Amino acid sequence: MNKIDHIGIAVKDLEKSNELFAKLLGTPHYKIEEVESEKVKTSFFKTGASKIELVEARNPESAIAMFIEKRGEGMHHIAFEVDDIEKEIERLKAEGFVPTGSGKPFCGADNKLVIFFHPKTTNGVLIELCQEIK
Ligand code: ZN
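Figured I'd write up the structure that's included with this text. As the structure is a computational prediction, the values presented were derived from the model and not from experiment. For every chain, the first residue of its written sequence is number 1, and the numbers climb from 1 along that sequence. It should be noted that, the model being predicted, local features are given only for residues of pLDDT at least 70 and side-chain atom pairs only at 80 or more, the latter also being counted only at that level, while totals for whole chains, interfaces and linings use all residues. Side-chain measures here rest on the full set of heavy atoms in the structure, leaving out hydrogens and waters.

**Some thoughts on the pairing of strand S3 (residues 40–47)**
Thought 1: Note that strand S2 (residues 31–35) and S3 share five bridges and pair antiparallel. Residue pairing in the sheet places Glu33 in a bridge with Thr42 of S3.
Thought 2: We treat two strands as partners when DSSP finds at least two bridges between them. To qualify as a helix, a DSSP run of H or I must reach at least 4 residues; to qualify as a strand, a run of E must reach at least 2; elements of each kind are numbered from the N terminus. In the sheet, S3 pairs with strand S4 (residues 50–57) via eight bridges, with the strands oriented antiparallel. Across the sheet, residue Phe45 finds its bridge partner in S4, namely Ile52.
Thought 3: Here S3 folds back onto S4, and the loop between the two strands holds two residues, one of which, Gly48, carries a positive phi near 60°.

**Regarding a nonpolar patch on the surface**
Thought 1: Patch definition: residues above 30% relative accessible area lacking any salt bridge, with like charges linked at up to 9 Å and the nonpolar side chains Val, Leu, Ile, Met, Phe, Trp and Tyr linked at up to 5 Å. Throughout, the Shrake-Rupley method with a 1.4 Å probe supplies accessible areas, and for residues the shown protein chains are the sole cover considered. For salt bridges, the criterion is a side-chain nitrogen of Lys or Arg within 4 Å of an Asp or Glu carboxyl oxygen. Together, Leu20, Leu24 and Leu25 line one region of the surface with nonpolar side chains, adding up to about 280 Å² of accessible area.
Thought 2: Position of Leu20 among the secondary structure elements: in helix H1 (residues 14–25).

**Describing the side chain of Asp110**
Thought 1: Within the secondary structure, Asp110 sits in the loop between strand S6 (106–107) and strand S7 (112–117).
Thought 2: For Asp110, a relative accessible area of 9% corresponds to the buried category.
Thought 3: Distance and chemistry together define a polar contact, namely a pair of N or O atoms within 3.5 Å, with one atom able to donate a hydrogen and the other to accept it when in protein, and with adjacent residues in sequence counting only for side-chain atoms on both sides. A polar contact is formed between the side chain of Asp110 and the side chain of Lys51, at a distance of 2.8 Å.
Thought 4: For Asp110, the side chain forms a polar contact with the side chain of Lys112, separated by 3.1 Å. Between buried and exposed lies partly exposed: a residue is buried under 20% and exposed over 50% of the maximum accessible area for its type, with that area taken using a 1.4 Å probe on protein chains only.

**Side note on the sheet that holds S7**
Thought 1: The mixed open sheet is built from eight strands, whose spatial order is S2-S3-S4-S1-S5-S8-S7-S6. Since the sheet does not close on itself, it has two edges, and those belong to S2 and S6, each with one partner.
Thought 2: As paired strands, S7 and strand S8 (residues 126–132) are joined by six bridges and run antiparallel to one another. Paired with Phe117 across the two strands is Ile127, which belongs to S8.

**Overview of the coordination of the zinc ion**
Thought 1: Excluding water, the donors of a metal are its N, O and S neighbours within 2.8 Å, or within 3.2 Å for Na, K and Ca, and that exclusion means sites may look incomplete. At this site the zinc ion is bound by His6 (NE2), Glu53 (OE), His77 (NE2) and Glu128 (OE), with donor distances of 2.1 Å.
Thought 2: Note on geometry labels: four donors, all angles 85 to 135 degrees, give tetrahedral; four donors become square planar and six octahedral when opposite donors are over 155 degrees apart and every other angle is between 65 and 115; remaining cases are irregular. Considering all four donor atoms around the zinc ion, the spread of angles at the metal, 85 to 172°, places the coordination shape in the irregular class.
Thought 3: For the zinc ion, the donor residues sit on a single chain with the sequence spacing H-x46-E-x23-H-x50-E. Taken together, the residues span a long stretch of sequence, with Glu53 in strand S4 and Glu128 in strand S8 at a distance of 75 residues. Pair check on accessibility: Glu53 and Glu128 agree, each one buried.

Right, dumping it as structure tokens:
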């Protein structure tokens, strides 16, 4: 795995949180993107070599809505950049980590192929792998 690509934070109100994080980081978000498949709206901030992704539910059935209901707003996932997502998925599965959903990578935000690993198998932290789509 390469660097931490971004940290995902679940928020209730993307507009309000965009203002808050712009103050916190001293820079405004540089893009907003809806991810239909995940029923979420995201915004991104640059922080050096990494990014912060704010994630708002667009639908009460989205995983983000359920997360906030259960645990409140806050840190949701850590995303690692990888060069070969299929290879990393196989490596992690062989180590006993369990992917969420179908176990196949899908198109996420920020022009990335992504997959998540279940927090039950990773000390309570939802892990995302992402590979840039070229
Ligand atoms: Zn993410």
